[in-house]
Protein chains: 2
Amino acid sequence: MHFDIFRQSMERHIRFTDEEFRQFSSYFKRVKVAKKEFLLKEGQICRFEGFVTGGCFRTFVLNEDGFEKVLYFSSQGWWVTDLDSFTNSKPATQWIQAMEDSELLLISKEDKERLFAEMHKVEKLFRIISQKALIALNQRIWRNHSLTAKERYLHFTETYPEVAKKLTNVQLASYLGITHEFVSKIRKTIAGNRE
Amino acid sequence: MHFDIFRQSMERHIRFTDEEFRQFSSYFKRVKVAKKEFLLKEGQICRFEGFVTGGCFRTFVLNEDGFEKVLYFSSQGWWVTDLDSFTNSKPATQWIQAMEDSELLLISKEDKERLFAEMHKVEKLFRIISQKALIALNQRIWRNHSLTAKERYLHFTETYPEVAKKLTNVQLASYLGITHEFVSKIRKTIAGNRE
């Protein structure tokens, strides 16, 4: 079932024969992570790139006062890693924590390189995935520059309703770069308009 | 000379034989763009991905009041495109303008696909380039969440001194997401500390 979700998601980019997918997916290890467990802590070397098959993760940094700033949420169908730490074997600057009981498929850097050497198709797959992720980050930077806080709130809750439901006001505010008082205010205005 | 800069930059990621590089670079067209000329306007389909061999470009969006918000600067050695428009043949949301007389090497979407089919190495090259760009954008999102306006100003001017020199306070402030009055204030404080 977990590998079905994975195959479906990968085949939006590239088609595999059954034999090819068996070879490709044999490099991924299935891992369960309990709610609140850390997949990565600041200072560790990130040894995995993970495809989330269930649950949800929160990637954040801690500022000097010990407050967390949420950078990303990763639910089913998304990838999770500290890409700089994973690619360049540098200490991670980020924390990755399960927000609920979660499952994912992990691959190591060495196995990813082996896959690239074995299967040209996988190099193309990751080229396309990186390109899509780049477009998504470009759009996020565009939204941060161009949209009001309320518009960004609405964009997030309408685009990712399932993720939004799992978040506290504080977590969502941190991700959007606004105060949680402002998130409460927007939520009240929207509830008011619906009455 | 322009192709030397290009080869040097690509070979930081992957090695080419002379024959391979000749084949690879034959797909790129050398283009000159005069100061203030637009490489792309909002609403057009972006038909190119460009490697800057000289000069500097500014990518921006126009908000409802007609004010520009600067998203990226691209000087020698950087790529410039509207990736979503280029990849998905959608109308561009961005404007790209030369800030000075500039030169670049352009490739079309069709030629890029042809290159991928002809040379496996090029698929690897663009997978690595996309990955590096992703890491850079991740870091920018991290800085926007974690650093003060002054720290972001210092990071930019220290990391890209040559680009910073070319910018007005308004352009730099727009890129950093702060007011230009605040940039003036930071510049005065720094000048004061140096006396």
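It should be emphasised that the depicted structure is a prediction, and the values quoted were computed from it without experimental measurement.

Conventions adopted
- Residues numbered from 1 in each chain as written.
- Chains lettered and ligands numbered in written order.
- Predicted model: local features only at pLDDT ≥ 70, side-chain atom pairs only at ≥ 80, totals over all residues.
- Heavy atoms only, no water.
- Helix = DSSP H or I, 4+ residues; strand = E, 2+ residues; numbered from the N terminus.
- Rg over C-alpha atoms; globule rule 2.2 N^0.38 Å.
- Buried < 20%, exposed > 50% of the residue type's maximum accessible area, 1.4 Å probe, protein only.
- Contact = heavy atoms within 4.5 Å.
- Areas by Shrake-Rupley, 256 points an atom, 1.4 Å probe, with all protein chains shown as cover.
- Lys, Arg positive; Asp, Glu negative; His and termini not counted.
- Charge placed at Lys NZ, Arg CZ, Asp CG, Glu CD.
- Axes fitted to C-alpha atoms, helices over the stretch in contact; angles between N-to-C directions.
- Parallel < 35°, antiparallel > 145°, perpendicular 65-115°, else oblique.
- Left-handed = near helix turned anticlockwise from the far one by under 90°.
- Nonpolar A, V, L, I, M, F, W, Y, C, P; charged D, E, K, R; others polar.
- Pairing = 2+ DSSP bridges.
- Least-squares fit on C-alpha atoms with pLDDT ≥ 70 in both.
- Buried area = accessible area lost by both parts, 1.4 Å probe.
- Salt bridge = Lys/Arg side-chain N within 4 Å of Asp/Glu carboxyl O.
- Polar contact = N/O pair within 3.5 Å; in protein donor to acceptor, adjacent residues only side chain to side chain.
- Arc of directions from axis to C-beta.

## Structural notes on the overall build of chain A
No. 1: If you tally the helices and strands in chain A, you get nine helices and eight strands.
No. 2: For chain A, whose C-alpha radius of gyration is 18 Å, the value lies close to the compact-globule estimate of 16 Å for 195 residues.
No. 3: Taking the principal axes of the C-alpha coordinates as reference, chain A spans close to 55 × 35 × 30 Å.
No. 4: Counting every position in chain A, which comprises 195 residues, the buried fraction comes to 50%.
No. 5: Residue pairs at least 24 apart in sequence account for 70% of intrachain contacts in chain A once pairs closer than 6 positions are excluded.
No. 6: For chain A, the computed accessible surface area is about 9,900 Å², with 51% contributed by carbon and sulfur atoms.
No. 7: Charge separation in chain A, taken as the distance between the mean sites of 31 positive and 26 negative side-chain charges, equals 4 Å.

## Here we look at the packing of helix 5 (residues 120–146) of chain A against helix 5 (residues 120–146) of chain B
No. 1: Across the interface, helix 5 of chain A lies against helix 5 of chain B with an axial gap of 8 Å and an inter-helix angle of 30 degrees. By the criterion of interaxial angle, the relationship of helix 5 of chain A to helix 5 of chain B is roughly parallel. For the pair helix 5 of chain A and helix 5 of chain B, the crossing hand works out as left-handed.
No. 2: In terms of residue class, the contact of helix 5 of chain A with helix 5 of chain B is made up of 10 nonpolar, 10 polar and eight charged.

## Let's talk about the sheet that holds strand 3 (residues 49–54) of chain B
All names here are of chain B.
No. 1: The sheet built from four strands is open, its strands ordered 1-8-3-6 with antiparallel pairing. Strands with a single pairing partner mark the edges of an open sheet, and in this sheet they are strand 1 (29–33) and strand 6 (79–80).
No. 2: With five bridges joining them, strand 1 and strand 8 (residues 102–107) adopt antiparallel strand pairing. Across the sheet, Val33 pairs through a bridge with Ser102, a residue of strand 8.
No. 3: Here helix 4 (residues 109–118) sits on the sheet in contact with strand 1, strand 3 and strand 8, set at roughly 60 degrees to strand 8.

## Section: the relation of the copies chain A and chain B
To go from the first copy of the chain to the second, apply a rotation about an axis and then a shift along the same axis.
No. 1: Superposing chain A onto chain B takes a rotation of 180 degrees plus a shift of 0.0 Å along the axis, which leaves an RMSD of 0.0 Å. Taken together, the rotation angle and the small translation identify this as a two-fold axis. For chain A, the residue whose C-alpha comes nearest the rotation axis is Arg127 of chain A, separated from it by 2.1 Å.
No. 2: Both copies present the same face, since 100% of the interface residues in chain A are matched by interface residues at the equivalent positions in chain B.

## Comments concerning the sheet that holds strand 2 (residues 38–40) of chain A
Residues and elements named next belong to chain A.
No. 1: As summarised here, the arrangement of the four strands in space is 2-7-4-5, forming an open sheet in which the pairing is antiparallel. Two strands in the sheet have a free side with no partner beyond their single neighbour: strand 2 and strand 5 (68–75). Recorded for the sheet is a direction-independent mean angle of 30 degrees between the axes of neighbouring strands.
No. 2: As judged from the four bridges shared by strand 4 (residues 56–62) and strand 7 (residues 95–98), these two strands associate in the antiparallel manner. Looking at the pairing, Thr59 lines up with Ile96 of strand 7.
No. 3: Relative to the sheet, helix 8 (residues 169–176) contacts strand 4 and strand 5, its axis offset from that of strand 5 by approximately 100 degrees.

## Structural notes on the interface of chain A and chain B
For an interface, size is often stated in terms of accessible area lost upon the parts coming together.
No. 1: Taken residue by residue, the interface counts 33 residues in chain A and 33 residues in chain B.
No. 2: Roughly 3,300 Å² is buried in total at the junction of chain A and chain B, and carbon and sulfur atoms are behind 61% of that figure.
No. 3: Among the residues of chain A in contact with chain B, Arg127, Ile141 and His145 of chain A are the three that bury the most area, contributing 21% of the side total.
No. 4: The tally of links between chain A and chain B comes to four salt bridges.
No. 5: At the boundary of chain A and chain B, one finds 14 residue pairs in polar contact (both at pLDDT 80 or more).

## Points about helix 4 (residues 109–118) of chain A
No. 1: Taken together, the buried positions of helix 4 of chain A are Asp111, Lys112, Leu115 and Phe116 of chain A. Buried residues of helix 4 of chain A fall within an arc of 145 degrees about the axis and therefore sit on the same side.

## A look at the pattern of salt bridges
Residue and element names in this part refer to chain A.
No. 1: Under the criterion given, the structure shown has 32 salt bridges over all chains.
No. 2: Its salt-bridge partner being Glu103, residue Lys32 comes within 3.9 Å of it at the nearest N-O pair. Here Lys32, found in strand 1 (residues 29–33), pairs with Glu103, found in strand 8 (residues 102–107); they are 71 residues apart in sequence, far enough to count as distant.
No. 3: We classify Lys32 as exposed; its relative accessible area is 63%.
No. 4: We classify Glu103 as buried; its relative accessible area is 14%.

## Re the side chain of Gln171 of chain B
No. 1: Relative to the elements of secondary structure, Gln171 of chain B occurs in helix 8 (residues 169–176).
No. 2: With sequence-adjacent residues up to four places away left out, Gln171 of chain B is seen in contact with Arg58, Val70, Phe73, Met99 and Lys166 of chain B.

## Re the pairing of strand 7 (residues 95–98) of chain B
Residues and elements named next belong to chain B.
No. 1: Residue alternation in strand 7 divides its side chains into two sets, Trp95 and Gln97 and Ile96 and Ala98, and both sets are buried.
No. 2: Bridge count for strand 2 (residues 38–40) against strand 7 is two bridges, and the pairing is antiparallel. The residue of strand 7 that forms the bridge with Leu40 is Ile96.

## What about the packing of helix 6 (residues 149–159) of chain A against helix 8 of chain A?
All names here are of chain A.
No. 1: Running from N to C, helix 6 and helix 8 cross one another at 115 degrees; their axes reach a closest spacing of 11 Å. Considering only the axes of helix 6 and helix 8, their crossing is right-handed. Across the interface between the two elements, Arg152, Tyr153, Phe156 and Thr157 of helix 6 pack against Leu172, Tyr175 and Leu176 of helix 8.
No. 2: Here the contact of helix 6 with helix 8 is built from residues that sort into five nonpolar, one polar and one charged.

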